[in-house]
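These are the residues of each chain, in order.
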Amino acid sequence: MAARQGRATPARARRVALADALGGVLAAPLTALTDLPPFDTSAMDGWAVGGPGPWEIRSGDSVLAGHGEAPALADGTAVRIATGARVPTGTTAVIRSEHARTGPDRERARTGEGGGHLYARGDVLPGQDIRPRAQECRTGDELLAAGTAVTPAVLGLAAAAGYDELLTVERPRVEVLVLGDELLTSGVPRDGLVRDALGPMLAPWLRALGADVVAVRRIGDDAEALRAAVTGADADLVVTTGGTAAGPVDHVHPVLAAVGAELLVDGVGVRPGHPMLMARLTGPGTPRYVVGLPGNPLAAVSGLLTLAEPLLRGLAGHPTPEPCRVPVRDAVQGHPRDTRLVPVVHRAGRAVPLHYAGPAMLRGLAEADGLAVIPPGGAGPEDDVEVLALPWTAAASVPTPARGGCFT
Ligand SMILES: Nc1nc2c(c(=O)[nH]1)N[C@H]1C(S)=C(S)[C@@H](COP(=O)(O)OP(=O)(O)OC[C@H]3O[C@@H](n4cnc5c(N)ncnc54)[C@H](O)[C@@H]3O)O[C@H]1N2
Ligand code: MOO
């Protein structure tokens, strides 16, 4: 549902300099602005030759990379050429320096004129060591599809193909509203107050998911302040933390009802995180979304991975990744009706469940590289389970074709 909503929302595109495009997503196909190579190019340092040898060496002349077009090469002649240089018209092959020898011409030697002839040490095949123009692509060829993630390699290809800027999907703008009167922003817990663990965690996490986090605001348990923050946010997505349950100061549901938001998800069968929600705010412009994360920190992460991440992925134009399935090393207790998410770490091709996986705990998660999806009733040793990757480990994971799983 979250992924579908994200994909259905029209993406905004913007032009960015190559140097600023890393990590973005192509908003349009990357088509070649040039043939590649743009001209017939020597692949080796050596000799450009015309026709069959031996060849008379064109003296006083070398064809270098980056130079304009050299004079045409007549049949039976050769000229020194460097790797990357444009081969002169009339060139039928390039011979590497180590595959040729030069010999003074008898007549020139006799007259003391110098110069000489070039002899191949082996067979010379027509076209050898010439990279023909457009070998890699022709102008207008589609090199990469819209939706491709901009990696360092994509930047290199785009530059080679003539781009100074790329059209990328604008990063979804996200505001984070951290709710709760009991939260401290520094020091150790005291007098019933606890440290805000979500503010410091969510902004970088959301950035790693491709979001532009425009603000992290701390709001007490104050319905009016929450209403003002939700309606006044200049963002595609507002992520709230805490206040999703039905306690006396849990204001998320009443505020969403008061502002006429449409609840798309109102609680899920997953532990921790069952009170998570997603809503759409209607109004002028593109739809804005609210994802309400429960206050318990691991419950918040559960909502982050299962609601906010797929929504953001859709809004940012990222394709949906293939699910990873990995065998669990140890039995994992399940919930009788709901799915459980359990922090795991990959060891020797197995997902090892970690301790300290309670809804209010981050100790297991901080050591984890994924969250295993444990079906109702639990999983036995060696059962294959889906593992949700964490953004900082997802980049390092590779699919294993045999089982379709992912191992870091
Ligand atoms: N009667 C019921 N009570 C609760 C239920 C239920 O089904 N019936 N569900 C529980 C579950 S499960 C969760 S999860 C929480 C969700 O509650 P809220 O989203 O309303 O969150 P809060 O009440 O605001 O906080 C819960 C807990 O988390 C701590 N918290 C909140 N924000 C932060 C933060 N930024 N950093 C660290 N810790 C935070 C807060 O102090 C509370 O301890 O509801 C249960 N109750
Ligand atoms: O959903 Mo609660 O997250 O079980 O802690």
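Residues numbered from 1 in each chain as written. Chains lettered and ligands numbered in written order. Predicted model: local features only at pLDDT ≥ 70, side-chain atom pairs only at ≥ 80, totals over all residues. Heavy atoms only, no water.

### Side note on the site of ligand 2
Part 1 of the argument: Surveying the vicinity of ligand 2 reveals the residues P272, G273, H274, P275, N296, A299 and P359.
Part 2 of the argument: Within the contact set of ligand 2, an oxygen atom lies 2.8 Å away from a backbone nitrogen or oxygen of H274.
Part 3 of the argument: Between ligand 2 and N296, the relevant distance is 3.1 Å, taken from an oxygen atom to a side-chain nitrogen or oxygen of the residue.
Part 4 of the argument: Its residues placed into classes, the shell around ligand 2 shows four nonpolar, three polar and no charged. (Near = heavy atom within 4 Å. Polar contact = N/O pair within 3.5 Å; in protein donor to acceptor, adjacent residues only side chain to side chain. Nonpolar A, V, L, I, M, F, W, Y, C, P; charged D, E, K, R; others polar.)

### Examining the domain arrangement of the chain
Part 1 of the argument: Domains assigned within the chain are domain 1 (25–37 + 135–169), domain 2 (41–131), domain 3 (173–311) and domain 4 (325–394).
Part 2 of the argument: Placing the centre of domain 1 and that of domain 4 at their C-alpha centroids yields a distance of 39 Å. (Domains from an automatic or database assignment.)

### As for the environment of R363
Part 1 of the argument: Along the chain, the position of R363 falls in helix 8 (residues 363–367).
Part 2 of the argument: Expressed as a C-alpha distance, the spacing of R363 and P343, which sit 20 residues apart in the sequence, is 9.5 Å.
Part 3 of the argument: In terms of polar contacts, R363 uses its side chain to reach the side chain of Y356, at 3.4 Å. (Helix = DSSP H or I, 4+ residues; strand = E, 2+ residues; numbered from the N terminus.)

### Observations regarding the site of ligand 1
Part 1 of the argument: The immediate surroundings of ligand 1 are formed by 19 residues, with E182, D196, A197, T244 and A245 found nearest.
Part 2 of the argument: Measuring from a nitrogen atom of ligand 1, one finds a side-chain N or O atom of D196 at 2.8 Å.

### Side note on helix 4 (residues 198–208)
Part 1 of the argument: Within the sequence span of helix 4, burial applies to L198, G199, M201, L202, A203, W205 and L206.
Part 2 of the argument: Taken from the residues just after helix 4, G210 is the one with a positive phi, measuring 100°. (Buried < 20%, exposed > 50% of the residue type's maximum accessible area, 1.4 Å probe, protein only.)

### Topic: a negative patch on the surface
Part 1 of the argument: A cluster of acidic side chains, namely D181, E182, D222 and E224, defines a negative patch on the protein surface.
Part 2 of the argument: Its place among the elements puts E182 in the loop between strand 13 (173–179) and strand 14 (183–184). (Patch = residues over 30% accessible without salt bridge, like charges linked within 9 Å, V, L, I, M, F, W, Y side chains within 5 Å. Areas by Shrake-Rupley, 256 points an atom, 1.4 Å probe, with all protein chains shown as cover. Salt bridge = Lys/Arg side-chain N within 4 Å of Asp/Glu carboxyl O. Lys, Arg positive; Asp, Glu negative; His and termini not counted. Charge placed at Lys NZ, Arg CZ, Asp CG, Glu CD.)

### A closer look at the nonpolar core
Part 1 of the argument: Formed by 42 residues in total, the largest nonpolar core has its most connected members in W205 and L206.
Part 2 of the argument: For this core, the element with the most residues is helix 7 (residues 297–315), which contributes ten residues.
Part 3 of the argument: Split by domain, the residues of this core number at least three in each of domain 3 (173–311) and domain 4 (325–394). (Core = buried A, V, L, I, M, F, W, Y, C linked by side-chain atoms within 4.5 Å.)

### Description of the side chain of D369
Part 1 of the argument: Turning to its location among the elements, D369 is positioned in the loop between helix 8 and strand 25 (370–374).
Part 2 of the argument: No salt bridge is formed by the buried D369; the nearest opposite charge belongs to R347, separated by 5.6 Å.
Part 3 of the argument: A polar atom in the side chain of D369 sits 2.7 Å from the side chain of H346.

### Here we look at the sheet that holds strand 9 (residues 117–120)
Across a sheet, strands are paired by hydrogen bonds formed along the backbone, either parallel or antiparallel in direction.
Part 1 of the argument: In space, the six strands of this open sheet follow the order 7-4-6-5-9-8, with mixed pairing throughout. In this open sheet, the two strands that pair with only one neighbour each are strand 7 (93–96) and strand 8 (100–103). When strand polarity is set aside, the average angle formed by the axes of neighbouring strands in this sheet is 40°.
Part 2 of the argument: For strand 8 and strand 9, the ladder comprises four bridges, and the chain directions are antiparallel. Within the sheet, the bridge partner assigned to G103 lies in strand 9 and is H117. (Pairing = 2+ DSSP bridges. Axes fitted to C-alpha atoms, helices over the stretch in contact; angles between N-to-C directions.)

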